[in-house]
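The chain contents come next:
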Amino acid sequence: EVGGFSDFMSKEIDEQPRSLRDTLAGRVDQEGRISLDELNITQEELKTIQKVVIVGCGTSLHAGMVARYALEHFVRVPVEIDVSSEFRYRDPVLSPTTLVVGVSQSGETLDTMVALSEAKASGAKTLVVSNVVGSSMARMADAVLYTRAGPEISVASTKTFIAQIGALEILALYLADLKRTLYPSEVNELIGRLNAVPEAISVALSQIKEYERVAQRLLGYDRFYFIGRNVGYPVALEGALKLKEITYTPSEGYPAGELKHGPIAMIDEQAVVVAIAPKGALYEKVLANVEEVRARGAKVVLVVNEMPAGHMASDDDVFLVPQVHQLFSPMVDVVPLQVLAHYTSVARGLDPDRPRNLAKTVTVE
Ligand code: F6R
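What you see is a predicted model, and the numbers here were worked out from it, not measured in a lab. Throughout, residues of each chain are indexed from 1 in the direction in which the sequence is written. Residue-level local features of this predicted model are given only where pLDDT is at least 70; pairs of side-chain atoms are given and counted only at 80 or more, and the full residue set underlies all totals for whole chains, interfaces and linings. The side-chain quantities take in all heavy atoms of the structure and omit both hydrogens and water.

**Let's talk about the site of the ligand**
Here is step 1 of the chain: Whether a residue is near a molecule or strand is decided by its heavy atoms; if any one of them lies within 4 Å of it, the residue is near. Of all residues adjacent to the ligand, which total 13 residues, the nearest are Ser60, Ser104, Gln105, Ser106 and Thr109.
Here is step 2 of the chain: Contacts to the ligand include glutamine 105, whose backbone N or O atom sits 2.7 Å from an oxygen atom.
Here is step 3 of the chain: The contact in question runs from an oxygen atom of the ligand to an N or O atom on the side chain of serine 106, over 2.6 Å.
Here is step 4 of the chain: For every accessible area listed, the method is Shrake-Rupley and the probe measures 1.4 Å; residues are considered covered only by the protein chains on display. When isolated, the ligand has an accessible area of 400 Å², and the protein chains bury 91% of it.
Here is step 5 of the chain: Numbering of helices and strands runs from the N terminus, with a helix taken as a DSSP run of H or I at least four residues long and a strand as a DSSP run of E at least two residues long. The greatest single-element share of the shell around the ligand, amounting to 3 residues, is contributed by helix α4 (residues 58–75).
Here is step 6 of the chain: For this classification, Asp, Glu, Lys and Arg are treated as charged, while Ala, Val, Leu, Ile, Met, Phe, Trp, Tyr, Cys and Pro are nonpolar and the rest, including Gly, are polar. Of the residues belonging to the shell around the ligand, the class tally is 3 nonpolar, 8 polar and 2 charged. Any pair of nitrogen or oxygen atoms within 3.5 Å is treated as a polar contact; in protein, a donor-acceptor pairing is required on top of that, and neighbouring residues in sequence qualify only through side-chain atoms on both sides.

Structure below.
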């Protein structure tokens, strides 16, 4: 038992509103100007950035994938994203107008570290998002943006994922302000929307018992497929990663539109499909994909902002989450998926904090 919680993972899930609030706090001054931590890149240099490349592993990669949508939408800059261990060996095209962003909770993951140092050697600007002050990557990169999640003990990342997304959203708004791709009033409006997210996470957390009741009904199933579109896609990947990490249940994340290109062949009565469907332009599209898997016998679970009247079957289950700005929705939508993984792990008599075969920090190739 840890501070009233059964394990570190449940404690860290509970700490998420604070983790995000602390990460966002103090980043905006009286004039509404955003500030970053250790930025040894001049504003003039940042204004010339033509391309952003994001690298990371595991959960940190998923946070980077979420940020890509905000960077492209708010900053209108092309964004590439790659797994650190692939990027290193790819002969990537970089220049002094490329910003390479490494995302790493520990700041020590070797693959991300080498990716960043090679990017730096090739003349690109480098920035790291890290949760550990003075970590190897923080010392090496040109700029650091710290998440302020506090130490994360559980091997499975939760509160640092949300904090990483928060920090990267701040970076996107900072660049949008600098490059004037958004008006200052728009930046301010978006900062307000971002500052509302910790409270939305608290509201989601107040539903934990509901989420656990759903998780309990899913205990007998064999396989899980998480599907989403746009920012819902990295949430799907993260939901699948959490579940496989701490419960060893076969689980995959897919872009919802890819189902019919192969994965749908796997769907039967033993499969659960968890669909991430926040309100927004692609809501109906995701629900249409849900129809396809329901027709093939899958157990359907929807992550939605309200009961989707007319789009549900009687044995569907629902994780209700509060609605926030669509680009910020992963920070809220991931919560029931973390709870699903945690509940399943404990119900099966496993230790969610110490999954087999995994280390918290991977400092080997
Ligand atoms: C997932 C998890 C791992 C890490 C990955 C990167 O729950 O913990 O996938 O996210 O090993 O670690 P960092 O962020 O320290 O570079």
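**Observations regarding the sheet that holds strand β11 (residues 317–320)**
Here is step 1 of the chain: Read from one edge of the open sheet, 5 strands run β8-β7-β9-β10-β11, paired in parallel fashion. The open sheet terminates on both sides in strands that have one partner only, identified here as β8 (251–255) and β11. On average, each strand axis in the sheet is tilted by 20 degrees relative to the strand beside it, whichever way the strands run.
Here is step 2 of the chain: Helix-sheet contacts for helix α12 (residues 232–247) involve β7 (223–228), β8 and β9 (271–276), and the interaxial angle to β8 is about 175 degrees.
Here is step 3 of the chain: Contacts: residue pairs with any heavy atoms within 4.5 Å of one another. Note on method: axes are straight lines fitted to C-alpha atoms, helices fitted across the in-contact stretch only, with angles between N-to-C directions ranging 0 to 180 degrees. The sheet contacts of helix α13 (residues 283–294) involve β7, β9 and β10 (299–304), and relative to β10 the element is tilted by about 170 degrees. Two strands are said to pair when DSSP picks up at least two bridges between them.

**Overview of the sheet that holds strand β2 (residues 51–56)**
Here is step 1 of the chain: Strand order in this open sheet of 6 strands is β1-β6-β5-β4-β2-β3, and the pairing throughout is mixed. The open sheet has two edge strands with one neighbour each: β1 (38–39) and β3 (79–83).
Here is step 2 of the chain: One ladder, built from 6 bridges, connects strand β4 (residues 98–104) with strand β5 (residues 125–130); its direction is parallel. Among the inter-strand pairings, valine 100 is bridged to a residue of β5, identified as threonine 126.
Here is step 3 of the chain: The strands touched by helix α8 (residues 159–178) within the sheet are β1, β4, β5 and β6 (143–146), with β4 carrying the most contacts at an inclination of about 160 degrees.

**Looking at a nonpolar patch on the surface**
Here is step 1 of the chain: Patch construction takes residues with relative accessible area above 30% that form no salt bridge. Like charges are linked within 9 Å, and nonpolar side chains (Val, Leu, Ile, Met, Phe, Trp, Tyr) are linked within 5 Å. A carboxyl oxygen of Asp or Glu within 4 Å of a side-chain nitrogen of Lys or Arg is what we treat as a salt bridge. On the surface, Met307, Met312 and Leu320 cluster together into a nonpolar patch covering about 240 Å² of accessible area.
Here is step 2 of the chain: Secondary-structure assignment places methionine 312 in the loop between β10 and β11.

**Observations regarding unusual backbone geometry**
Here is step 1 of the chain: The phi dihedral of arginine 76 is positive, around 55 degrees, even though this residue is not glycine.
Here is step 2 of the chain: Position of arginine 76 among the secondary structure elements: in the loop between α4 and β3.
Here is step 3 of the chain: Burial classes: relative accessible area under 20% of the type maximum marks a residue as buried, over 50% as exposed, and values in between as partly exposed (1.4 Å probe, protein chains only). For arginine 76, a relative accessible area of 64% puts it in the exposed group.
Here is step 4 of the chain: Positive phi outside glycine occurs at asparagine 357, with the angle close to 65 degrees.
Here is step 5 of the chain: Within the secondary structure layout, asparagine 357 lies in the segment after α14 (330–347).

**Considering the confidence of the model for the chain**
Here is step 1 of the chain: Confidence scores labelled pLDDT are given residue by residue by the predictor and lie between 0 and 100. With 99% of its residues at a pLDDT of 70 or more, the chain shows a mean pLDDT of 95.
Here is step 2 of the chain: The complex model carries a pTM of 0.97, and its ipTM stands at 0.97.

**Side note on the packing of aromatic side chains**
Here is step 1 of the chain: Note on aromatic contacts: the rings of Phe and Tyr and the six-membered ring of Trp form a pair at centre separations within 6.5 Å, being stacked when their planes are under 30 degrees apart, edge-to-face when over 60 apart, and tilted otherwise. Per the stated rule, a full pass over the model turns up 2 aromatic pairs.
Here is step 2 of the chain: With a centroid separation of 5.4 Å and an interplanar angle of 90 degrees, the aromatic rings of tyrosine 211 and phenylalanine 319 are classed as edge-to-face. Taken together, the residues span a long stretch of sequence, with tyrosine 211 in helix α11 (residues 208–217) and phenylalanine 319 in strand β11 at a distance of 108 residues. Note on accessibility: tyrosine 211 and phenylalanine 319 belong to one class, buried.

**Re α4**
Here is step 1 of the chain: A helix is expected to reach a length of 1.5 Å times the quantity of its residues less one. End to end, α4 covers 25 Å across 18 residues, agreeing with the expected 26 Å (1.5 Å per residue, within 8%).
Here is step 2 of the chain: For α4, the tally of buried residues reaches 13 of 18 residues, placing the bulk of the element in the interior.

**Thoughts on the packing of helix α2 (residues 16–24) against α8**
Here is step 1 of the chain: Closest axis-to-axis distance for the α2/α8 pair is 9 Å, and the angle between their directions is 25 degrees. Judged by the angle between their axes, α2 and α8 are roughly parallel. Crossing geometry of α2 relative to α8 is assigned as right-handed. The segment α2 lies against α8, with Gln16, Arg18, Ser19, Leu20, Thr23 and Leu24 engaging Lys159, Ile162, Ala163, Gly166, Ala167 and Ile170.
Here is step 2 of the chain: Grouping the amino acids of the contact of α2 with α8 by side-chain chemistry returns 6 nonpolar, 4 polar and 2 charged. Angles are sorted into four bins: roughly parallel if under 35 degrees, roughly antiparallel if over 145, roughly perpendicular if 65 to 115, and oblique for all others. Put simply, a crossing is left-handed when the front helix is turned counterclockwise from the back one by less than a right angle, and right-handed when it is turned clockwise.

**A look at the pattern of salt bridges**
Here is step 1 of the chain: With the rule as written, the count across this model stands at 25 salt bridges.
Here is step 2 of the chain: Here glutamate 189 ties to arginine 193 by a salt bridge, and the two come within 3.8 Å at their closest N and O atoms. One end of the pair, glutamate 189, and the other, arginine 193, are both in helix α9 (residues 184–195), 4 residues apart, so they sit about a helical turn from each other.
Here is step 3 of the chain: For glutamate 306, the salt bridge goes to lysine 279, with nearest N and O atoms at 2.9 Å. On the criterion of sequence distance, the pair formed by glutamate 306 in the loop between β10 and β11 and lysine 279 in the loop between β9 and α13 is long-range, its members being 27 residues apart.
Here is step 4 of the chain: On the basis of relative accessibility, which here comes to 31%, the residue lysine 279 falls in the partly exposed class.
Here is step 5 of the chain: Connected through salt bridges with shared partners, the residues Lys11, Glu15, Arg18, Asp22 and Lys159 form a single ionic network.

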